[in-house]
Amino acid sequence: MARSGLLVVLAILFVDVAGEGLVYPITPSFLQALGGGTVQEAARLYGWSLALYAALTLFFAPVWGMLSDRYGRKPVLLLSMAGAAAGNLLTALAPGLELYFLGRVVAGATSANLVVINAYLVDVSPPEQRARNFGLVGAVFGVGFVIGPALGGLVGDWGLRVPFWIVAGFSAFTFTLALTLLPESLKAEKRKRTLRWLEANPFGALAALGRYPLLRSLAWTILLNGLAMNMLVAVWIPYVAYRYGFGPAENGLTLAAFGLMTALGQGLVVPWLVPRLGERRAVVLGLVVSALSLVLYGLASAPWMLFAVLVVATLGAVDEPALQALISRSVRSDEQGTVQGALATVGSLMGVVGPVAGTYLFSRFIGPQAVAELPGAPFFAGAFCVALGLGIAYRALRRFDPRPSR
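Below is a summary of the structure that appears in this document. All of these numbers come straight from a predicted model, not from anything done at the bench. (Residues numbered from 1 in each chain as written. Predicted model: local features only at pLDDT ≥ 70, side-chain atom pairs only at ≥ 80, totals over all residues. Heavy atoms only, no water.)

## Some remarks on the packing of helix 4 (residues 73-93) against helix 5 (residues 97-109)
In contact at an axis separation of 7 Å, helix 4 and helix 5 are set at 170° when each is read in the N-to-C sense. Considered as vectors, helix 4 and helix 5 are oriented roughly antiparallel to each other. Residue-level contacts link Gly83, Ala86, Gly87, Asn88, Leu90, Thr91 and Leu93 of helix 4 to Leu99, Tyr100, Leu102, Gly103, Arg104, Val106 and Ala107 of helix 5. Tallied by class, residues from the contact of helix 4 with helix 5 come to eight nonpolar, five polar and one charged. (Axes fitted to C-alpha atoms, helices over the stretch in contact; angles between N-to-C directions. Helix = DSSP H or I, 4+ residues; strand = E, 2+ residues; numbered from the N terminus. Parallel < 35°, antiparallel > 145°, perpendicular 65-115°, else oblique. Contact = heavy atoms within 4.5 Å. Nonpolar A, V, L, I, M, F, W, Y, C, P; charged D, E, K, R; others polar.)

Structure representation (structure tokens):
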């Protein structure tokens, strides 16, 4: 039952990730067609669309986490898939910007199901297998990030609305799959008896982290690392286009390579390396490699250097699964969903802040009006954030031992 549940929730996650990646290549053009504006106006609308989606995830992640602790994981996952199907259907039918953004609101509000997926994995995984299973989550992200944009660019030639129809269809399929095949992982006797609505907001949920000394420190590491990674993702395409003169085909190639290396890192490196190093040393190694990789991205003067750094960066994949495993072992079983929701809140907050900060730095350090010609500035700032998070994690892991969950 645990194996079948794991396969179904990973399928749900794949559809979520690939679905979002599938609409990325065509969304700016779709927004320009709906709004009838310039490329620059469409780009700004695209930025607002990404920020809106991240903000909705930020606000709803703790709600879904808490509800899954009270009513079980399966009902909440079913609700999220129904919302994804409805939101993308609205977008596919949108005659103008108003209905487009309404569709993004519906999809974004129900998209924060990663917290429930993570809690499900904790439910069905013994402690010694949690790092490996969290690595599978990262691998699914990587594969979805390869397949989604590549498929989106292909089917986008058939029509700008086609990708949204496809995502709606796949979401409906995973809804049916979960409804018929997904076993509930949280037994009734382990569920919360009451709902703490004070924690069902992005800031009240963070109070759950304060109940565990280790989490209070590691949350800062996750925040700083998330800020750096979101800056990286936001400026990746503008950076390679500006520095190397890449066009859409080359952009797609770098995105595919980025996703492939992420999948290899999470799917192969994590399960092989984390058991050999232990979770604490894996956290340190991953953060060191991540900081170094960001510096090298900013220094890469030729495209081949960028791809070489991508290979090295696979070792950095070990930090997040190891952190998640440490955290899961320090939290009671009836608070796994709440804590995962609080951690997702931290990540979603950086999903709002990171793209704004990264693109602002990029714009300030390129062109004739630049403070200094330094297009890699967002990467250097990200490396500083990761290094700061490393220092916090190293100190915390020396002082505290995570208590086994009960």
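Now that the structure is up, let's keep going.
## Some details on the packing of aromatic side chains
Note on aromatic pairs: each is described by the distance of the centres and the angle between the planes. Enumeration according to the criterion identifies eight aromatic pairs in this entry. Seen from their ring centres, phenylalanine 30 and phenylalanine 164 are 5.3 Å apart, and the 40° between their planes marks the pair as tilted. Taken together, the positions of phenylalanine 30 in helix 2 (residues 27-35) and phenylalanine 164 in helix 8 (residues 162-181) put the pair 134 residues apart, joining distant regions of the chain. Residue phenylalanine 30 is classed as buried on the basis of its relative accessible area, which comes to 2%. When its relative accessible area of 1% is taken as the criterion, phenylalanine 164 is described as buried. (Phe/Tyr/Trp six-rings, centres within 6.5 Å; stacked < 30°, edge-to-face > 60°. Buried < 20%, exposed > 50% of the residue type's maximum accessible area, 1.4 Å probe, protein only.)

## Description of the pattern of salt bridges
Within this structure, the stated rule accounts for three salt bridges. Put simply, glutamate 20 and arginine 104 hold a salt bridge, and the shortest N to O gap is 3.6 Å. With glutamate 20 in helix 1 (residues 2-23) and arginine 104 in helix 5, this pair connects stretches of sequence that are 84 residues apart. The class of glutamate 20 is buried, set by a relative accessible area of 16%. In this structure, the salt-bridge partner of aspartate 123 is arginine 73, at a minimum N-O distance of 2.7 Å. Taken as a pair, aspartate 123 in helix 6 (residues 114-124) and arginine 73 in helix 4 lie far apart in primary sequence, 50 residues in all. Owing to a relative accessible area of 25%, aspartate 123 belongs among the partly exposed residues under this scheme. (Salt bridge = Lys/Arg side-chain N within 4 Å of Asp/Glu carboxyl O.)

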